[in-house]
Amino acid sequence: MAGITYEDFIDLSYEPADSDLVCAFRIAPAEGMDVADAASRVASESSNGTWAALPTGEGFTDMGATAFAIDDGEVAAGETTEIRVAYPAGLFEPGSMPQILSCIAGNILGMKAVDSIRLLDCEWPEGLATSFMGPQFGSDVREEIFGVSDRPILATVPKPKVGLSTERHAQVGYEAWTGGVDLLKDDENLTDQDFNPFHDRLVESLAQRDRAEDETGEPKSYLINVTAGTNEMLERVDQVAAEGCEYVMVDVITCGWAAVQAVRERCEELGLAIHAHRAMHAAFDRLPHHGVSMRVLAQIARLVGVDQLHTGTAGLGKLANEDTVGINAWLRDDLYGLSDVLPVASGGLHPGLVPDLLDATGTNVCVQAGGGIHGHPDGTHEGAKALRAAVEAYAEGISLESKADESPALATAIDKWGTE
Ligand SMILES: O=C(O)[C@@](O)(COP(=O)(O)O)[C@H](O)[C@H](O)COP(=O)(O)O
Ligand SMILES: [Mg+2]
């Protein structure tokens, strides 16, 4: 009787087809399990197999994956090695990220056959990649919304994160925008609470935005956090468009990729850009040998279509993050004509860190500073001026110290926080 067992899911002579999705995993085989056996179980359980031998016969299309490469065939207990698995296109539902993840990042992350397993990287075939909308604007937001091409766009989150009244929040926005910041950004845990309701915040902040635009002559915008249950979130997206804002902010991990796909479709109709915050990403990517890497999370975010994505500070800021430079490069690389994504550097940044940061990330980025602006000894407006002066110094090719001669705000920031 024809049937399938774990052994059918490994073939080290297999050459992936162009239409295959190829995934790299780092695995630590469980005690008494050799690498090949562990690899075959990863391929099996993430495609169409299970622990028992299964009869197949008539009316069955084999969608089994193949473990086709193993870095190190023998590893000591607790050690890890990298394997690669090829998945046939037919296994997946085009355009459904939840379905794809149910395969490549599903039950296998809990299998006893491995002590740990991490989805490191994916090579997306054209058919599958282009079944997603991709970003509407990507890094073109810099030019299209702000008319900027030679410097990073600057964003700030009012701090304290929550608790400011709507009026205070909007006023902080005005002070930051007139100080030289391009974008006001809500914090991830500010949504529609009584002390600062969503719609009031939207209307009042945009009113201050308009004032700041009139005074500075520069386009300004607002990353308002629409994150909520999907239907409610779509309602908020409609409100944002109705009030004349250019962006929505979505926390993509906490609300889930299906919801992000729904927001992307709505933003296509409304011409809105999507700023992706990634709270909870560390639950997936912090431990080096388990979970899903930030590289893969960033790939998913680009496919489902966010325009801006937090990717870390190249190790300079307050939060642990992996491979900012490598991830940013992938977000810019060609991907079958899909738009790129603008990386966002955020988390513990201040003007003194700008030269090292931009040396690592380049200037085609968004730089966000919350504490690094609102913690400035002379307040938000001066904090914003200091950050703007720092990025202008970089664009002009001069040192922070020279720029500080003409910018007291920057001089004060450097006094306070230094340049490291
Ligand atoms: O709440 C915060 O910590 C921030 O608002 C930064 O504030 P500060 O500028 O005051 O540090 C952002 O949410 C983090 O940067 C997100 O992390 P990541 O960018 O790594 O996703
Ligand atoms: Mg935050």
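Computed from a predicted model, the values in this text were never measured in an experiment.

Moving on, we come to the overall build of the protein. Scanning the protein from N- to C-terminus turns up 17 helices and 15 strands. Relative to the globule expectation of 22 Å for 420 residues, the C-alpha radius of gyration of the protein, 24 Å, shows essentially globular dimensions. Here the protein holds 420 residues, and the buried ones make up 53% of them. Across the protein, contacts joining residues at least 24 apart in sequence account for 77% of those joining residues at least 6 apart. Accessible area of the protein: about 16,700 Å², with a carbon and sulfur share of 47%. A gap of 7 Å separates the mean positions of the 28 positive and 68 negative side-chain charges of the protein.

Bringing the packing of aromatic side chains into the picture now. Here the structure, examined in full by the defined rule, presents three aromatic pairs. Just above the ring of tyrosine 174 sits the side chain of arginine 211; from NZ or CZ to the centre is 3.8 Å. If you follow arginine 236 out to its NZ or CZ, it ends over the ring of phenylalanine 198, 5.4 Å from the centre.

Attention now moves to the nonpolar core. By size, the foremost hydrophobic cluster in this structure holds 79 residues, and its most contacted members are Phe25, Ile104 and Trp257. No other element matches helix H11 (residues 294-304), which puts eight residues into this core. When neighbours within four sequence positions are excluded, phenylalanine 25 is seen to be in contact with Val42, Thr81, Glu82, Ile83, Val85, Tyr87, Ile104, Ile108, Ile117, Arg118, Leu119 and Leu120. With 26 residues, the next largest nonpolar core counts Leu358, Val391, Ala404 and Ala413 among its residues.

This paragraph deals with the site of ligand 1. Around ligand 1, 17 residues are found, and the nearest of them are Lys161, Arg278, Lys318, Ser346 and Gly348. Side-chain polar atom of aspartate 187 to an oxygen atom of ligand 1: 3.2 Å apart, as the coordinates give it. At a separation of 2.8 Å, an oxygen atom of ligand 1 approaches a polar backbone atom of glycine 370. Relative to its unbound accessible surface of 490 Å², ligand 1 loses 92% to contact with the protein. Looking at the shell around ligand 1, its residues break down into three nonpolar, eight polar and six charged.

Overall, mixed pairing links the five strands, which are arranged S4-S5-S2-S6-S12 in an open sheet. Each of the sheet's edge strands pairs with one partner strand only, and the pair in question is strand S4 (66-70) and strand S12 (291-292). The pairing of strand S2 (residues 21-29) with strand S6 (residues 114-123) spans eight bridges and is classified as antiparallel. Paired with alanine 28 across the strands is serine 116, a residue of S6. Here helix H2 (residues 97-104) sits on the sheet and contacts S2, strand S5 (81-87) and S6; the angle it forms with S2, its principal contact strand, is near 35°.

Turning to the packing of helix H15 (residues 380-396) against helix H17 (residues 408-417), a few remarks are in order. Packing of H15 against H17 brings their axes to within 8 Å, and their N-to-C directions diverge by 95°. Here H17 runs roughly perpendicular to H15, going by the angle between their axes. Packed against H15, whose contacting residues are Glu382, Lys385, Ala386, Ala389 and Ala390, the element H17 presents Ala409, Leu410 and Ala413 at the interface. Taken together, the residues that form the contact of H15 with H17 break down as six nonpolar, no polar and two charged.

With that out of the way, let us pick up the coordination of the magnesium ion (ligand 2). Looking at the metal site, the magnesium ion (ligand 2) is ligated by Asp187 (OD) and Glu188 (OE), spaced 1.9 to 2.1 Å from it. Of the residues examined, aspartate 187 reaches a relative accessible area of 3% and is grouped as buried. Judged by its relative accessible area of 22%, glutamate 188 falls in the partly exposed class.

Another point: the sheet that holds strand S9 (residues 221-223). Within a sheet, adjacent strands bond to each other through the backbone by hydrogen bonds, running parallel or antiparallel. In space, the eight strands of this open sheet follow the order S9-S8-S7-S15-S14-S13-S11-S10, with parallel pairing throughout. Two strands bound the open sheet, and with one partner strand each, they are S9 and strand S10 (247-251). Ignoring which end each strand starts from, the neighbouring axes of this sheet average 25° apart. Contacting strand S8 (183-185) and S9, helix H6 (residues 198-216) crosses the sheet at an angle of about 150° to S9.

Here we take up the UniProt feature "binding site: Mg(2+)" (unreviewed entry) in the protein. The UniProt record annotates "binding site: Mg(2+)" (unreviewed entry) at Lys185, Asp187 and Glu188. Residue position: lysine 185 is located in strand S8. The buried category is assigned to lysine 185, whose relative accessible area is 1%. The residues touching lysine 185, leaving out its near neighbours within four places in the chain, are Thr156, Val157, Pro158, Leu223, Met249, His275, His277, His310 and Gln368. Among the secondary structure elements, aspartate 187 is positioned in the loop between S8 and H6. The contacts of aspartate 187, once residues within four sequence positions are left out, are Val157, Pro158, Lys159, Lys161, Asn225 and Met249.

Rules behind the numbers
- Residues numbered from 1 in each chain as written.
- Chains lettered and ligands numbered in written order.
- Predicted model: local features only at pLDDT ≥ 70, side-chain atom pairs only at ≥ 80, totals over all residues.
- Heavy atoms only, no water.
- Helix = DSSP H or I, 4+ residues; strand = E, 2+ residues; numbered from the N terminus.
- Rg over C-alpha atoms; globule rule 2.2 N^0.38 Å.
- Buried < 20%, exposed > 50% of the residue type's maximum accessible area, 1.4 Å probe, protein only.
- Contact = heavy atoms within 4.5 Å.
- Areas by Shrake-Rupley, 256 points an atom, 1.4 Å probe, with all protein chains shown as cover.
- Lys, Arg positive; Asp, Glu negative; His and termini not counted.
- Charge placed at Lys NZ, Arg CZ, Asp CG, Glu CD.
- Phe/Tyr/Trp six-rings, centres within 6.5 Å; stacked < 30°, edge-to-face > 60°.
- Lys NZ or Arg CZ within 6 Å of the ring centre and 35° of its normal.
- Core = buried A, V, L, I, M, F, W, Y, C linked by side-chain atoms within 4.5 Å.
- Near = heavy atom within 4 Å.
- Polar contact = N/O pair within 3.5 Å; in protein donor to acceptor, adjacent residues only side chain to side chain.
- Nonpolar A, V, L, I, M, F, W, Y, C, P; charged D, E, K, R; others polar.
- Pairing = 2+ DSSP bridges.
- Axes fitted to C-alpha atoms, helices over the stretch in contact; angles between N-to-C directions.
- Parallel < 35°, antiparallel > 145°, perpendicular 65-115°, else oblique.
- Donors = N, O, S within 2.8 Å, 3.2 Å for Na, K, Ca; no water.
- UniProt positions renumbered as here; feature names shortened; annotations may be inferred.

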